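Notes for the structure review
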Amino acid sequence: MTRLEEMLAANAAYQKRAPHDYAGEDQKTSKLPKKKLAIFACMDTRLTGLLEPALGIARGDAKIIKTVGNYLSGSLDSVIRSLMIAIYELGVEEIFVIGHYECGMAKTTADSLARAMRARGIAEDVIAAAHEELAAWADAFRDPVENVRHAVETLRGNPYIPKSVKVHGLMIHPRTAKLDLIVSGDA
């Protein structure tokens, strides 16, 4: 059975035992985040199923945006655009930048990506065309804690994010769920 077939079979089984009837509109959970917060976190698989309970939030409480290394790449990148929708259309009032210890992005470089791309058959001219951008992104990330500080500063200084939106920075341990405050938006 392929992974796709496994997922489709799991979904069919879930539908038979689903805790709620989702055929109609879910009246309890809104697209609006109940706690008026957005979480910007890393895509690390260990955070799936860990982040929400570790923060005391449930489905529908927050908008969650995940990228590799919770890294911002520009003043209007996809994360900023997502946060703009969260703020201006969905009522978000606070942003929590949450990095994590043991982040694999700290070991990634433009050269390691280029080697892996070559090994997977990506053409050399394509790699060369992207190398400068990869270097500006991958080579800049070395310390997850500093990245959280930088992301908080970047969000606070971004012209598209209102000054009234609090931006906090935290680190979570992916095995213990221990949370460390790095930057308070309340200060």
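Residues numbered from 1 in each chain as written. Predicted model: local features only at pLDDT ≥ 70, side-chain atom pairs only at ≥ 80, totals over all residues. Heavy atoms only, no water.

1. Concerning helix H5 (residues 124–138)
What counts, and what does not: A run of H or I in DSSP becomes a helix once it reaches four residues, and a run of E becomes a strand once it reaches two; helices and strands are each numbered from the N terminus. The length a helix should cover is 1.5 Å for every residue beyond the first. Exposure is judged per residue with a 1.4 Å probe applied to protein chains only, and the accessible area is read against the type maximum: over 50% gives exposed, under 20% gives buried, and values in between give partly exposed. The contact definition used throughout considers only heavy atoms, calling two residues in contact when any of these lie within 4.5 Å.
End to end, H5 covers just 18 Å across 15 residues, shorter than the expected 21 Å (1.5 Å per residue, more than 12% under). Here H5 has its buried residues at Ile127, Leu134 and Ala138. Buried residues along H5 sit against helix H4 (110–119).

2. A look at the pattern of salt bridges
Pairs may arise between side chains of opposite charge once their charged atoms sit close together. The test is simple: Throughout this description, the term salt bridge denotes a Lys or Arg side-chain nitrogen within 4 Å of a carboxyl oxygen of Asp or Glu.
The tally for this structure, following the rule as stated, stands at eight salt bridges. In this structure, the salt-bridge partner of Arg175 is Glu102, at a minimum N-O distance of 2.2 Å. Within this pair, whereas Arg175 is found in the loop between strand S4 (166–172) and strand S5 (179–183), its partner Glu102 is found in the loop between strand S3 (94–100) and H4, the two being separated by 73 residues in sequence. Owing to a relative accessible area of 60%, Arg175 belongs among the exposed residues under this scheme.

3. What about the nonpolar core?
Put simply, the test is: The definition of a nonpolar core used throughout is a set of buried Ala, Val, Leu, Ile, Met, Phe, Trp, Tyr and Cys residues joined through side-chain atoms within 4.5 Å.
Core analysis: the largest hydrophobic core is formed by 22 residues, its most contacted members being Leu72, Leu83, Ile95, Val97, Leu155 and Ile161. Those elements giving two or more residues to this core turn out to be strand S1 (37–42), helix H3 (78–88), S3, helix H6 (144–157) and S4. Ignoring anything within four residues of it in the chain, the contact list for Val97 reads Phe40, Asn70, Val148, Ala151, Val152, Leu155, Val167, His168, Gly169 and Leu170. Core analysis: the second largest hydrophobic core is formed by 18 residues, Leu37, Tyr71, Cys103 and Ile172 among them.

4. Here we look at the sheet that holds S4
For the record, the criterion: Should DSSP find at least two bridges between two strands, the strands are taken to pair. To get an axis, a line is fitted to the C-alpha atoms, and for a helix only the part in contact is used. The angle between two axes follows their N-to-C directions and goes from 0 to 180 degrees.
Judged by pairing direction, the sheet is mixed, and its five strands sit side by side in the order S2-S1-S3-S4-S5 without closing on themselves. Where the open sheet ends on each side, the last strands, each with one partner, are strand S2 (62–67) and S5. Strand-to-strand, the axes of this sheet are offset by a mean angle of 25°, without reference to chain direction. Pairing of S4 with S5 involves four bridges; the strand directions are antiparallel. What sits directly across from Leu170, in S5, is Leu181.

5. Quick look at the packing of H4 against H5
Selection criterion: Working rule for angles: under 35 degrees goes down as roughly parallel, over 145 as roughly antiparallel, 65 to 115 as roughly perpendicular, anything else as oblique. For a crossing to be left-handed, the near helix must be turned anticlockwise from the far one by less than a right angle; the clockwise case is right-handed. Gly is placed with the polar residues, together with every amino acid not listed as nonpolar (Ala, Val, Leu, Ile, Met, Phe, Trp, Tyr, Cys and Pro) or charged (Asp, Glu, Lys and Arg).
Their axes nearest at 9 Å, the elements H4 and H5 cross at an angle of 150°. Considered as vectors, H4 and H5 are oriented roughly antiparallel to each other. H4 and H5 meet at a crossing whose hand is right-handed. Contact residues: H4 offers Ala110, Asp111, Leu113, Ala114, Met117 and Arg118, while H5 offers Glu124, Ile127, His131, Leu134, Ala135, Trp137 and Ala138. Residue composition of the contact of H4 with H5, grouped by class: nine nonpolar, one polar and three charged.

6. Description of H6
Applicable threshold: This arc describes the spread of directions from the helix axis toward the C-beta atoms.
For H6, which comprises 14 residues, the first-to-last C-alpha distance of 20 Å matches the rise-based estimate of 20 Å (1.5 Å per residue) to within 8%. When we look at burial in H6, the residues that qualify are Pro144, Val145, Asn147, Val148, Ala151, Val152 and Leu155. An end-on view of H6 places all buried positions within 160° of arc, on one side of the element. The outward face of H6, more than 90 degrees from its buried face, is lined by the exposed residues Glu153 and Gly157. The elements touched by buried residues of H6 are H3, S3, S4 and S5.

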